Amino acid sequence: MQAFKKFMREANLIAGVWRGARSGKTFEVNNPATGEIIGTVPDADGEDTREAIAAAQEAFLSWRKTTAAQRAAIMRKLAAALEANKEDLARLLTTEQGKSLTEARAEISGSANYVLWFSEEARRIYGDTVPSPWSERRILVLKEPVGVVGAITPWNFPSLMLSRKIGAALAAGCTVVAKPASQTPYSALAWGLMAEEAGLPPGVINIVTGDARKIGKELTENPVVKKITFTGSTGVGKALVAQAAGTMKRVSMELGGNAPFIVFDDADIDAAVAGAIQSKFRNSGQTCVCVNRFLVQSGIHDAFVEKLGAAIAELKVGNGLEEGTDQGPLIDVKGVEKVEEHVVDAVGQGAHVVAGGRRHTLGGSFFEPTLIVGVTPSMKVAREETFGPVAAVFRFEREEEAIAMANDTEFGLAAYAYTRDLGRTFRVLEGLEYGQVGINAGVITTEVAPFGGVKESGMGSEGSKYGVEEYLNVKYGCIGIA
C-alpha cells in the first residue's frame, strides 16, 4: 500500500463526522497520467450541503468568540501538520492532478505558508477609534467575521487554493463549507484530516464533494452563508455572483486570465527565457496566471525565440510521480482538445510551429511543450485562455504598442515584463491593466502579497493583509457618554 493512501478519505466531513452522501451516490476519480481509477468519493447534493452549512453556522457561534491568540495557535498546528506530511500529501496531489512531484511539494509548502501567515494576521485584525465631532459621544470601528463562508476551489491547485480561503476565514473567525473540484477531491479531503490533527472544533471546516451545480446553488442561495469565495472560470464566476446577489452575499472571485509576457529589447534575454519557462510551463500551463501571450520586441525577437525553443526542448514530459519530470499530463482529454484547437487555428492563420505542436507519444492527456511564432490578434490563442503548454509569440515595435496589445483583452489577472530600463519599469507597471504585475520575474505569487485581478478576471484579493479584509465586516459604534 502506498503511504499516501492513508490520507485518501472517501467520505465527506460534516460537523466533524466522516460520512457519505445521503443519496449513497459516489463518483470515480482517476489519475490523469495513467487513466486508472484511484478511488471513489461521495456525490453530495443540496441536502448534504444544507447539513454542512448548518454545522458551520453552529460552529461559528463559538468559533467567532475565540481569541485571536487561540485561533492563531490552532492554525500554527494546522500549518505544521501540512508541512510534516508534505511528502505524502504531494504524492496524493500528483496522483489525482498530474503535476510533477517537485511542483506538488512546493504547493503543499505554499499551503502551509499561507496558513502560517494568516495565523499571524489573526492577531493584527485591528479596529479604530475615530475622533468624534461630538464632545458627548465616542466613535469606534469594529472588525467582525462575516460568518459562514462557501469556498469553491479548482483542480489545478487543489491544496493551495484552499489554503488562501480557509486560512483567511479561520483567522477572521469564520467557518467554512468547502466544495473542491471533482477531478481533485482527495487533496481537499486531506485538509479535513489535517484540521482534526490540529484540533479544530467540529464544524469549523466542512468539506463536501459532488454535484457542482447543486452544491453551488445551495451555497449561493442559502441565507446562512454570508460569503462566497471562488477560483475558476469567468463564466462560472459570473453565474455564482448572480446567484449570490439574491441574498446580497459578500463575494470574492479569482477568475480567468490572458497573461501577457512582454520582453523589451533591453531585457536580459537569458533571465527572460528562464522566467518564461517558469511562468508558461508550470503545471503544464494550467494556471490562471501563466503566460498566454509572449510579446517580444523586434530587436531581440529571433534571439529570444531561439533560446526559448532550446529551453523547451530540455523539458522532460512524463508521469509526475517520476523524479525528474518537468511537465505532467493535462487534467483530461478535453484540455488536450482545447490546446490542439488553438494550435491548429493559429497554424491555419499563418503561425509557425517551432517546437512541439502535437499530442505527446505518451498518449492519454499528454501534450508536447509547444512554441509557435507569427501569432496575430485574430487567432484564438490571442483571445482565449489556452490553459496548456503552448508558448505563443507576437512581435512588436514600440513600448506603447506592447502595452496596448497587452491590455487588449477583457481579462486582467496577471502580467509580466522584462526590461532593464528603470523609467520603462514604472511606465509599464502603471500602464498595464492587471491586478498583479511581475517585472523581471516569472513567478510572483506569495502569501505576503495580494493576489487578485481586475476587469473580468475577478474581484477581491487573496493572501496578505488585504485577503483577511475579505472575510470581515466593518461595524460602526457611536457611544454616548453624557
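Residues numbered from 1 in each chain as written. Predicted model: local features only at pLDDT ≥ 70, side-chain atom pairs only at ≥ 80, totals over all residues. Heavy atoms only, no water.

Observations regarding the UniProt feature "active site" (unreviewed entry) in the protein chain
Logical step 1: According to UniProt, the positions carrying the feature "active site" (unreviewed entry) are Glu254.
Logical step 2: Residue placement: Glu254 occurs in strand 11 (residues 250-254).
Logical step 3: Residue classification places Glu254 among the buried positions, given a relative accessible area of 3%. (UniProt positions renumbered as here; feature names shortened; annotations may be inferred. Helix = DSSP H or I, 4+ residues; strand = E, 2+ residues; numbered from the N terminus. Buried < 20%, exposed > 50% of the residue type's maximum accessible area, 1.4 Å probe, protein only.)

A short note on helix 7 (residues 212-221)
Logical step 1: Taken residue by residue, helix 7 has Ile215, Gly216, Glu218, Leu219 and Thr220 as its buried positions.
Logical step 2: Here the buried face of helix 7 lies against helix 1 (46-63), strand 7 (148-152), strand 8 (175-179), strand 10 (225-231) and helix 8 (234-244). (Contact = heavy atoms within 4.5 Å.)

Remarks on helix 8
Logical step 1: Taken together, the buried positions of helix 8 are Thr234, Gly237, Leu240 and Ala244. The buried side chains of helix 8 occupy one side of the element, clustering within an arc of 120 degrees when seen end-on. Exposed and oriented more than 90 degrees from the buried face of helix 8 are Gly235 and Ala242.
Logical step 2: The inward-facing, buried residues of helix 8 abut strand 7, helix 7, strand 10 and strand 11. (Arc of directions from axis to C-beta.)

Points about empty space enclosed by the protein
Logical step 1: This model, assessed by the stated rule, comprises two cavities of 30 Å³ or more.
Logical step 2: Each pocket or cavity is described by its volume, and for the largest cavity that value is around 50 Å³.
Logical step 3: Lining the largest cavity, in full, are Leu82, Leu89, Leu92, Leu93, Ile108, Ser159, Ser187, Ala190, Trp191 and Met194.
Logical step 4: Counting residues per element, the ones that place at least two in the lining of the largest cavity are helix 3 (86-97) and helix 6 (185-198).
Logical step 5: The element contributing the most residues to the lining of the largest cavity is helix 6, with four residues.
Logical step 6: Of the residues contributing to the lining of the largest cavity, the split by class is eight nonpolar, two polar and no charged.
Logical step 7: One number sums up the size of the second largest cavity: a volume of about 40 Å³. (1 Å grid on protein atoms, 1.4 Å probe; cavity = no way out; pocket = protein on both sides within 12 Å on 5 of 7 lines; lining within 4 Å. Points joined across faces, edges and corners; volume = space filled by probe spheres on them. Nonpolar A, V, L, I, M, F, W, Y, C, P; charged D, E, K, R; others polar.)

Description of the side chain of Glu385
Logical step 1: As for its position among the elements, Glu385 is in the loop between helix 12 (380-383) and strand 16 (390-396).
Logical step 2: An unpaired buried charge is present at Glu385: no salt bridge exists, and Lys338, the closest side chain of opposite charge, is 5.8 Å distant.
Logical step 3: Separated by 3.3 Å, the side chain of Glu385 and the backbone nitrogen of Gly257 make a polar contact.
Logical step 4: Setting aside its immediate chain neighbours within four residues, Glu385 contacts Gly256, Gly257, Thr287, Cys288, Asn292, Lys338 and His342. (Lys, Arg positive; Asp, Glu negative; His and termini not counted. Salt bridge = Lys/Arg side-chain N within 4 Å of Asp/Glu carboxyl O. Polar contact = N/O pair within 3.5 Å; in protein donor to acceptor, adjacent residues only side chain to side chain.)

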